[in-house]
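Fold and geometry: a report
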Amino acid sequence: MELIGGCYEQIVFGFAVRPAENWAVVPDFTHHAHSASLSAVAVNDRYVVTGSRDETIQIYDMKKRVEHGALLQHNGTISCLEFHGRTHLLSGAEDGLICIWNTKNWECLKSIKAHKGHATSLSVHPSGKLALSVGTDKTLRTWNLVEGKSAFVKNLKQNAHLVKWSPSGESYVVVAANKVDIYQLATASVSGTIVTEKRVSSVRFITDRILAIAGDEEFVRFFDCESQECLCEFKAHENRIKDIYSFKREDLHILVTASSDGYIKMWSLDVEKFKTSPSLLCEVNTKARLTCIAVWLKSNLEIEQTSDEAKASSSQVSEEPLIKKICRTDSGKTAERDGQEASEKRKSTNVQQNVQQKKKKILQRLK
C-alpha cells in the first residue's frame, strides 16, 4: 500500500507502507505536481489523481509508475475528487461544475453546472447510480448519474462544505461549519445531528453506524450515528487535523490522519471496543503543511501476481525517479504503438502548452 499526501508546497508525497515488516514506512517518491497548493486527492486500484488551486487535475498511473497526463475542464480551484470503481471519476470545482470522466480514455462524459456558487464536496452512492453534492449556494443536490441530470434539490440554512455516503448507501451526512446532520436515504430527512466545538474538517464512516470526525483541533472523535453519542476521542496530533481517511485491510479497520504539524499517522481501530483509544501502527513526518491524504491499495489479483516480484525488488534502490512523464493523447492513451510516435508528440505538446497558458493566467491573477 502507498500513503499519498498533498500539501501547500505543491508537492505530492508517496510513502510505501509494509505491514509485513512491522508497518515500516519507506519514502517512495516526491513529485512537484502543480503550480499551486494541492486541494484534493483520490485513488482507485490503478490511478491516483490530484486537484489543485492551479485549476488542473493530474493523473498518475500507479501500475506503470508514470505521470499519465492532465485534465483541464475546470476553471477554478479543484475542490473535490472521487472515483467510482475502475470506470469513472467525478470532479467538482469553484466554477460550480461537476464533471464525469471515463477512466478508460479520460474523456469528459458530462459537465454539469451543479451549483450557482462553488461546488465544495461530492459523494457517489455505492451503487454508482446517484451522487450528492453541496456548494456555496446553500443547496444539497441529488444527481441521477444514469441520466446525468438533477434528481432533487434541498435548500439548506447555511453553506455546507462536506457530504459523505455511508458504506451501505442507506444514510449520508452533510457538514456545515461545526454541525453534522445525519440523513436517512429512505426518508431524505435528518435523523440526528452532531455538534462539535470546532469547525469540522473531515468525516469518514468506519462502519454504517460509526462515524469518525476531525476538526480544527488535535482530536479525532468517533460517534454512534443512531444515538449521536461520542464513543471515544483521542489526541492524534500536536496541531489541527486537516484530513482523515479510512479503509479495511483483511479484518483490520485502519484510520489515517494528516495534520498541519506535517505528520501522517496510521491507526488500528477495534470496532468492537470503541471505548479504548486506537493503537498507532506507524507515522511519518513529511515536514510539509499537509492538505489532503489517501491510501492507494493494489487490487487483490495484482497483489497475487506481483508478490514475488515485490519481494525481489524491495531491497533494490532505483536510480530513476519513480514518477516519469509520458505523452498522453486526447483520448488518454499512451504513446506505445509503433508508427504513432510523431502524432503523439504533437498532441502532448498541445496539452503541455494549454497547461502552461493556464498557469500563466493564474499567476497573473495572483499578482
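Before any of the text, the structure's been laid out above.
Each value, and the rule that gives it
Residues numbered from 1 in each chain as written. Predicted model: local features only at pLDDT ≥ 70, side-chain atom pairs only at ≥ 80, totals over all residues. Heavy atoms only, no water. Helix = DSSP H or I, 4+ residues; strand = E, 2+ residues; numbered from the N terminus. Buried < 20%, exposed > 50% of the residue type's maximum accessible area, 1.4 Å probe, protein only. Areas by Shrake-Rupley, 256 points an atom, 1.4 Å probe, with all protein chains shown as cover. Pairing = 2+ DSSP bridges. Axes fitted to C-alpha atoms, helices over the stretch in contact; angles between N-to-C directions. Core = buried A, V, L, I, M, F, W, Y, C linked by side-chain atoms within 4.5 Å. Contact = heavy atoms within 4.5 Å. Polar contact = N/O pair within 3.5 Å; in protein donor to acceptor, adjacent residues only side chain to side chain.

Attention shifts here to the overall build of the chain. Check the secondary structure of the chain and you find 2 helices and 29 strands. The buried share among the 367 residues of the chain stands at 51%. Split by element, the accessible area of the chain, about 18000 Å² in all, is 46% carbon and sulfur.

This part is about the sheet that holds strand E16 (residues 162-165). An order of E16-E17-E18-E19 is seen for the 4 strands of this open sheet, with the pairing classed as antiparallel. Strands at the two margins of the open sheet, each flanked by one partner only, are E16 and strand E19 (189-195). Across the sheet, the mean angle from the axis of one strand to that of its neighbour is 20 degrees, orientation sign disregarded. Across 6 bridges, strand E18 (residues 179-184) lies against E19 in antiparallel orientation. If you follow Ile182 over to E19, its bridge partner there is Gly192.

Judged by pairing direction, the sheet is antiparallel, and its 4 strands sit side by side in the order E24-E25-E26-E27 without closing on themselves. For this open sheet the edge positions go to strand E24 (241-249) and strand E27 (279-285), each flanked by a neighbour on one side alone. Between one strand and the next, the sheet's axes are offset by a mean angle of 20 degrees, whatever the strand orientation. Looking at chain direction, strand E26 (residues 263-269) and E27 are connected through 6 bridges and run antiparallel. Each residue of the ladder has a partner; that of Ile264, found in E27, is Val284.

With that settled, the discussion passes to the nonpolar core. Formed by 32 residues in total, the largest nonpolar core has its most connected members in Leu3, Ile4, Val48, Tyr245, Val256, Ile264 and Met266. Broken down by secondary-structure element, the contributors of at least two residues to this core are strand E1 (2-7), strand E2 (11-18), strand E4 (38-43), E24, strand E25 (252-259), E26, E27 and strand E28 (290-296). The element best represented in this core is E28, accounting for 6 residues. Filtering out sequence-adjacent residues up to four positions away, Ile4 remains in contact with Val12, Phe13, Gly14, Phe29, Val41, Val48, Met62, Cys292, Ile293, Ala294 and Trp296. Counting 16 residues, the second-largest nonpolar core is a separate cluster that includes Ile206, Phe234, Ile244 and Leu269.

As for its position among the elements, Asp61 is in strand E6 (residues 57-61). By relative accessible area, which is 1% here, Asp61 ends up buried. At 3.0 Å, the side chain of Asp61 and the backbone nitrogen of Lys63 are in polar contact. When near neighbours in sequence (up to four residues on either side) are disregarded, Asp61 contacts Arg46, Tyr47, Val66 and His68.

In this section: the pairing of E24. Consecutive side chains along a regular strand alternate between the two faces of the sheet. Counting buried residues in E24 gives 7 out of 9 residues, a clear majority hidden from the surface. One ladder, built from 8 bridges, connects E24 with E25; its direction is antiparallel. Of the residues in E25, the one forming a bridge with Asp243 is Ala258. Adjacent in sequence and paired antiparallel, E24 and E25 are bridged by 2 residues, among which Glu250 carries a positive phi angle near 55 degrees.

All right, on to the side chain of Ser246 then. With respect to the helices, strands and loops of the structure, Ser246 is situated in strand E24. Setting aside chain neighbours within four positions, we find Ser246 in contact with Arg204, Phe205, Ile206, Ile254 and Leu255.

Looking now at the environment of Ser202. Relative to the helices and strands, Ser202 is located in strand E20 (residues 200-205). For Ser202, a relative accessible area of 4% translates into the label buried. Sequence separation between Ser202 and Val163 is 39 residues; the distance between their C-alpha atoms is 9.7 Å. In this view, Ser202 contacts Leu162, Ala212, Ile213, Ala214, Lys242, Asp243 and Ile244; residues no more than four positions away in its chain are not counted. Engagement of the side chain of Ser202 in a polar contact is seen with the side chain of Asp243, the distance being 3.0 Å.

Attention now moves to the environment of Ala114. For Ala114, the location among the structural elements is in the loop between strand E11 (107-113) and strand E12 (119-124). The buried category is assigned to Ala114, whose relative accessible area is 2%. Sequence separation between Ala114 and Lys149 is 35 residues, and the spatial gap between their C-alpha atoms is 9.3 Å. Apart from residues no more than four positions distant in its own chain, Ala114 is found in contact with Gly96, Leu97, Ile98, Arg141 and Trp143.

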